[in-house]
Amino acid sequence: MASYLQIFSTFAKIGAFTFGGGYAMLPLVRSEIVKKGWMEEKDFPDIVALSQSAPGLLAVNISIFVGYRLKGTKGSIVATLGSVTPPFLIILAIAMVFSGFQDHPVVVSIFKGIRPVVVALIAVPMLQMARQANKRWWMWGISAVTILLVAFLNVSPIYILIVTIVVSYSIVKYRDSRKKEGEK
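Residues numbered from 1 in each chain as written. Predicted model: local features only at pLDDT ≥ 70, side-chain atom pairs only at ≥ 80, totals over all residues. Heavy atoms only, no water.

The test is simple: UniProt positions are given in the numbering used here, feature names are shortened, and annotations may be inferred rather than shown by experiment.
Going by what an unreviewed UniProt entry lists, the protein chain is known as Chromate transporter and is assigned to Candidatus Cryptobacteroides excrementipullorum. You can read under Sequence similarities (unreviewed entry) in the UniProt record for the protein chain the words "Belongs to the chromate ion transporter (CHR) (TC 2.A.51) family."

Structural data, given as structure tokens:
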């Protein structure tokens, strides 16, 4: 089992070396917690889904969930502190040192160069989770339609979720009624 120091240092490393926020940290979180044996690979999409559904930052929610799973409430506090302390200190240092250089061409170029890396860091775990979750062709179709609706037609994800819930519930009810008719 993990010690509090191991939990803190693992999430501090994740927080320190992740640019772009919650989704960008997913590959590093996955490799760290699976490599250390804290969680199985198959459980990772569930952690992400649970963390996304809770209010707050994804990185903090993942830290809370994993820390709690390892050491209860104290573990969640330690993991959260580990994940937020390095970025806080880094941003504080950047604000103190670079506040006068924010419009300098070199600084602007550095941050423009980081953008594509952050996009890739976000895309890779999303594709890996899609491969694990989408076991049938129609599941890939639903994913593709959802991406098109949200990204290109600006449809609110809330509406998509509501429609999905209603349709799924209707299908289950229909199957149950057909099953009951077949038993008679």
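**Regarding the pattern of salt bridges**
Once their charged atoms are close, side chains differing in charge can pair, the charge on each being opposite to the other. Rules: When a carboxyl oxygen of Asp or Glu lies within 4 Å of a side-chain nitrogen of Lys or Arg, that pair is called a salt bridge. Strands are runs of DSSP state E lasting at least 2 residues, helices are runs of H or I lasting at least 4, and numbering of each runs from the N terminus.
A full pass over the atoms with the stated rule returns 7 salt bridges. For Glu 41, the salt bridge is made with Arg 30, and the minimal N-O distance between the two is 2.8 Å. On the criterion of sequence distance, the pair formed by Glu 41 in the loop between helix 2 (22-35) and helix 3 (44-53) and Arg 30 in helix 2 is long-range, its members being 11 residues apart. Lys 42 is paired through a salt bridge with Glu 40; the nearest N and O atoms lie 3.9 Å apart. Shared partners join several salt bridges into a network, and the residues in it are Lys 13, Glu 32, Lys 35 and Lys 36.

**Some details on the side chain of Thr 80**
Defined as follows: Should any heavy atoms of two residues lie within 4.5 Å, those residues are counted as being in contact.
The residue Thr 80 is located in helix 4 (residues 58-98) in this model. Sequence-distant contacts of Thr 80, that is, excluding residues within four places in its chain, are made with Val 60, Ser 63 and Ile 64.

**Regarding the nonpolar core**
Put simply, the rule reads: For the purposes of this section, nonpolar cores are sets of buried Ala, Val, Leu, Ile, Met, Phe, Trp, Tyr and Cys residues that join through side-chain atoms within 4.5 Å. Throughout, exposure labels follow a simple rule: accessible area from a 1.4 Å probe, protein chains only, divided by the maximum for the residue type, with under 20% read as buried, over 50% as exposed, and the rest as partly exposed.
Formed by 21 residues in total, the largest nonpolar core has its most connected members in Ile 7, Ile 33, Trp 38 and Val 66. Mapped onto this core, the elements with two or more residues apiece are helix 1 (4-16), helix 2, helix 3 and helix 4. For this core, the element with the most residues is helix 4, which contributes 7 residues. Apart from the residues within four sequence positions on either side, Val 66 is in contact with Phe 11, Ile 33, Trp 38, Met 39 and Ile 47.

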